[in-house]
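Each chain is listed here by its residues.
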Amino acid sequence: MRRFEEELHEMECVSFGGTLCAANGCLDVLISSMRVSTKAIRRPIRRQAFALDQDSERMAEIVAFTARSLRTNRPRPFGASIVHTKSGKVLLRALNNVAQEFDPSAHAEVRAIRLATKRLKQISLAGYTLYTTCEPCPMCMSTALWARLDRVVYGATIEDANRHCNQIQIPAMEIAARSDMKCTIDGPVLRDECYALFTHPQMLRAFRLWSTRKRK
């Protein structure tokens, strides 16, 4: 069996061209284990709701990608992707990797931004959108602003995540409002599907071992 780190590296480095990775069983995980309906990404597209449908499709993809970790011994509910704003092409995806890298800053969003700027060999991600399964914490939102991302689209909220692990409870919108850099923030998108990552039985067991777990 390959080491998890090798599998994760492969998962993050391979771009699926902006399409759902059904061939790799991602949707099977969502439908069977999480009971997530695919209707959200197959509904008829109306002209006035085109942007929302595009966001739902992109979010469904990162949920499916993140759900793959639920089949490993190191599950994580936090996943992020960098997508070209105009074409919708996925540049890359990343998972939270704090424990694996012994790095408190290795959140999914920060890792995605780091990997994207290195791949593009530039510090600006203007022209790109960040999709994340959970509302960015202040650190992640600040990184997105410094990277000049066009948009940030999130699924579950900080309040949702705080039910299971410690959070800095400052909304991403508030961070953006205090910044000189402009970035559009949209969410929650597919909140229930994203929150299902947190409540999956495998994830609930894993939370008990997290040093940042919510202590009652």
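Scroll up for the structure.
What you are looking at is a predicted structure, and each value in this text was computed from that prediction instead of being measured.

### Things to note about unusual backbone geometry
Cis geometry is adopted by the peptide bond preceding Pro188, which originates at Gly187 and carries an omega value of 0°. Phi is positive for Phe102, close to 55°, though the residue is something other than glycine. You can see Phe102 is positioned in the loop between α5 (98-101) and α6 (108-120). Judged by relative accessible area, Phe102 falls into the exposed class, the value being 77%.

### Quick word on the pattern of salt bridges
Considering all chains together, one arrives at 10 salt bridges under this definition. With a shortest N-O distance of 3.5 Å, Arg93 and Glu61 are connected by a salt bridge. Residue Arg93 is found in strand β2 (residues 90-95), and its partner Glu61 is found in helix α4 (residues 50-67); the two are separated by 32 residues along the sequence. For Glu61, a relative accessible area of 2% puts it in the buried group.

### A look at the environment of Met203
Along the chain, the position of Met203 falls in helix α11 (residues 201-207). Residues Met203 and Arg76 lie 127 residues apart in sequence; the distance between their C-alpha atoms is 6.8 Å.

### Here we look at the sheet that holds strand β5 (residues 184-186)
Here we have five strands laid out as an open sheet, ordered β2-β1-β3-β4-β5, and mixed in their pairing. The strands lining the two open edges of the sheet, one partner per strand, are β2 and β5. Taken over all neighbouring pairs, the strand axes of this sheet differ in orientation by 15° on average, direction set aside. As paired strands, strand β1 (residues 79-84) and strand β3 (residues 128-134) are joined by five bridges and run antiparallel to one another. Within β3, the position partnered with Ile82 by the bridge is Leu130. Packed on one face of the sheet, α6 meets β1, β2 and β3 and runs near 140° to β2. Across the sheet, helix α10 (residues 191-199) is in contact with β3 and β4 (151-156); its angle to β4 comes to roughly 60°.

### Some thoughts on the pairing of β3
Here β3 lies mainly inside the structure; seven of its seven residues are buried. Sheet topology places β3 next to β4; five bridges connect them, and they run parallel. Residue pairing in the sheet places Tyr131 in a bridge with Val153 of β4. For the segment spanning β3, helix α7 (residues 138-146) and β4, crossover handedness is right-handed.

How each quantity is defined
- Residues numbered from 1 in each chain as written.
- Predicted model: local features only at pLDDT ≥ 70, side-chain atom pairs only at ≥ 80, totals over all residues.
- Heavy atoms only, no water.
- Helix = DSSP H or I, 4+ residues; strand = E, 2+ residues; numbered from the N terminus.
- Buried < 20%, exposed > 50% of the residue type's maximum accessible area, 1.4 Å probe, protein only.
- Salt bridge = Lys/Arg side-chain N within 4 Å of Asp/Glu carboxyl O.
- Pairing = 2+ DSSP bridges.
- Axes fitted to C-alpha atoms, helices over the stretch in contact; angles between N-to-C directions.
- Contact = heavy atoms within 4.5 Å.
- Right-handed = clockwise from strand over helix to strand, strands pointing away.

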